[in-house]
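# Report on the structure
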Amino acid sequence: DQQVKQNSPSLSVQEGRISILNCDYTNSMFDYFLWYKKYPAEGPTFLISISSIKDKNEDGRFTVFLNKSAKHLSLHIVPSQPGDSAVYFCAASGSRGSTGGFKTIFGAGTRLFVKA
Amino acid sequence: DAGVIQSPRHEVTEMGQEVTLRCKPISGHNSLFWYRQTMMRGLELLIYFNNNVPIDDSGMPEDRFSAKMPNASFSTLKIQPSEPRDSAVYFCASRVRGGGPDTQYFGPGTRLTVL
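What you are looking at is a predicted structure, and each value in this text was computed from that prediction instead of being measured. (Residues numbered from 1 in each chain as written. Chains lettered and ligands numbered in written order. Predicted model: local features only at pLDDT ≥ 70, side-chain atom pairs only at ≥ 80, totals over all residues. Heavy atoms only, no water.)

Right, let's get into the overall build of chain A. From N to C terminus, chain A includes zero helices and 11 strands. Beginning at the N terminus, the succession of helices and strands in chain A can be written as β-β-β-β-β-β-β-β-β-β-β. Radius of gyration (C-alpha) of chain A: 14 Å, near the 13 Å computed for a compact globule of 116 residues. Along the first, second and third principal axes, the C-alpha set of chain A runs to 50 × 30 × 25 Å. By sequence separation, contacts in chain A at least 24 residues apart represent 55% of the contacts at least 6 residues apart. When the accessible area of chain A is evaluated, it comes to approximately 5,600 Å², of which 49% is carbon and sulfur surface. Across chain A, the centroid of the 13 positively charged side chains sits 4 Å from that of the 9 negatively charged ones. (Helix = DSSP H or I, 4+ residues; strand = E, 2+ residues; numbered from the N terminus. Rg over C-alpha atoms; globule rule 2.2 N^0.38 Å. Contact = heavy atoms within 4.5 Å. Areas by Shrake-Rupley, 256 points an atom, 1.4 Å probe, with all protein chains shown as cover. Lys, Arg positive; Asp, Glu negative; His and termini not counted. Charge placed at Lys NZ, Arg CZ, Asp CG, Glu CD.)

For the rest of this paragraph, the subject is the interface of chain B and chain A. Listed per partner, the contact involves 24 residues of chain B and 22 residues of chain A. Carbon and sulfur atoms supply 58% of the area that chain B and chain A bury against each other, a total of about 1,800 Å² over both sides. One can count zero salt bridges joining chain B with chain A. In this assembly, chain B and chain A are joined by three residue pairs in polar contact (both at pLDDT 80 or more). (Buried area = accessible area lost by both parts, 1.4 Å probe. Salt bridge = Lys/Arg side-chain N within 4 Å of Asp/Glu carboxyl O. Polar contact = N/O pair within 3.5 Å; in protein donor to acceptor, adjacent residues only side chain to side chain.)

Judged by nonpolar contacts, the single largest core of 24 residues is most densely connected at Phe 33, Trp 35, Leu 73, Leu 75 and Tyr 88 of chain A. Those elements giving two or more residues to this core turn out to be strand S3 (19-25), strand S4 (32-38), strand S5 (45-51), strand S7 (62-67), strand S8 (72-77), strand S9 (86-96) and strand S11 (110-115) of chain A. Per-element accounting of this core gives the leading share, four residues, to S9 of chain A. With 21 residues, the next largest nonpolar core counts Phe 49, Met 60, Met 69 and Cys 92 of chain B among its residues. (Core = buried A, V, L, I, M, F, W, Y, C linked by side-chain atoms within 4.5 Å. Buried < 20%, exposed > 50% of the residue type's maximum accessible area, 1.4 Å probe, protein only.)

Now for the sheet that holds S8 of chain A. Sheet architecture is open: five strands sit in the order S1-S3-S8-S7-S6 (chain A), paired in antiparallel fashion. Edge positions in the sheet fall to strand S1 (4-5) and strand S6 (56-59) of chain A, since each of these pairs with one other strand and no more. (Pairing = 2+ DSSP bridges.)

All right, on to the pattern of salt bridges then. Between side chains of opposite charge, a pair can form when the charged atoms approach closely. Residues and elements named next belong to chain B. On inspection of all chains with the given rule, the structure shows nine salt bridges over all chains. Put simply, Glu 62 and Arg 85 hold a salt bridge, and the shortest N to O gap is 2.7 Å. Of the two residues, Glu 62 is situated in the loop between strand S6 (53-56) and strand S7 (65-71) and Arg 85 in the loop between strand S8 (74-79) and strand S9 (88-95); the sequence distance between them amounts to 23 residues. Note on Arg 85: relative accessible area 55%, which makes it exposed. Residues participating in the shared-partner salt-bridge network are Glu 62, Arg 64, Glu 83, Arg 85 and Asp 86.

Next up on the list: the packing of aromatic side chains. Applying the stated criterion to the full structure yields 12 aromatic pairs over all chains. A centroid spacing of 6.5 Å and a plane angle of 80° characterise the contact between Phe 89 of chain A and Phe 106 of chain A, whose relative ring orientation is edge-to-face. Residue Phe 89 of chain A is located in strand S9, and its partner Phe 106 of chain A is located in strand S10 (residues 101-106); the two are separated by 17 residues in the primary sequence. The exposure classification of Phe 89 of chain A matches that of Phe 106 of chain A, with both residues buried. Residues Phe 33 of chain B and Tyr 35 of chain B carry aromatic rings whose centres are separated by 6.2 Å and whose planes lie at 25° to one another, so their mutual orientation is stacked. (Phe/Tyr/Trp six-rings, centres within 6.5 Å; stacked < 30°, edge-to-face > 60°.)

Now the structure itself:
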């Protein structure tokens, strides 16, 4: 049972246009959401995050939107650049257990192609 | 400043053989995670440690998989015996466990192929 779902395995966008990557989650206990970016032959790297007390977080060309009622978040990249071509993982986290350890659940990833 | 170090980067082995993957987390990080990436399931958390203690191993697929963290600077993931369906990229990640869900830093991964 996937708690974090990225239903689009791939997305192709023209350079300069907006890229919108979507993510849905099922567990209402998640209170922190992250996006990671992964290039081939490298490990994922942190991109941007959002706490459940917010509905938007912006960092340069990247903006994450959170809709808690719909259990949905999205990553917007504007304008898209060829260097943004990578796999993007959505992740969700929440406190777990008396140790306070945070377990992060990742989606399957969306491969973004930005065409020049 | 070295990031998370994983070895080997590539491993090709035959079914039934023992495989050991190694990870050195970032110095000062006290949480360590092992993930497996496949096309079908994306990034799956296998196990994670806080202060060298395994906290959650519910993602470990079978008894053939085991993980240890004998000290703060080293962890291993062992598969014995290995099977072709274990073929995947295995990532190690570490972070500082503070008051919130801090971001994780991933190693470059080990690509495992079991023939």
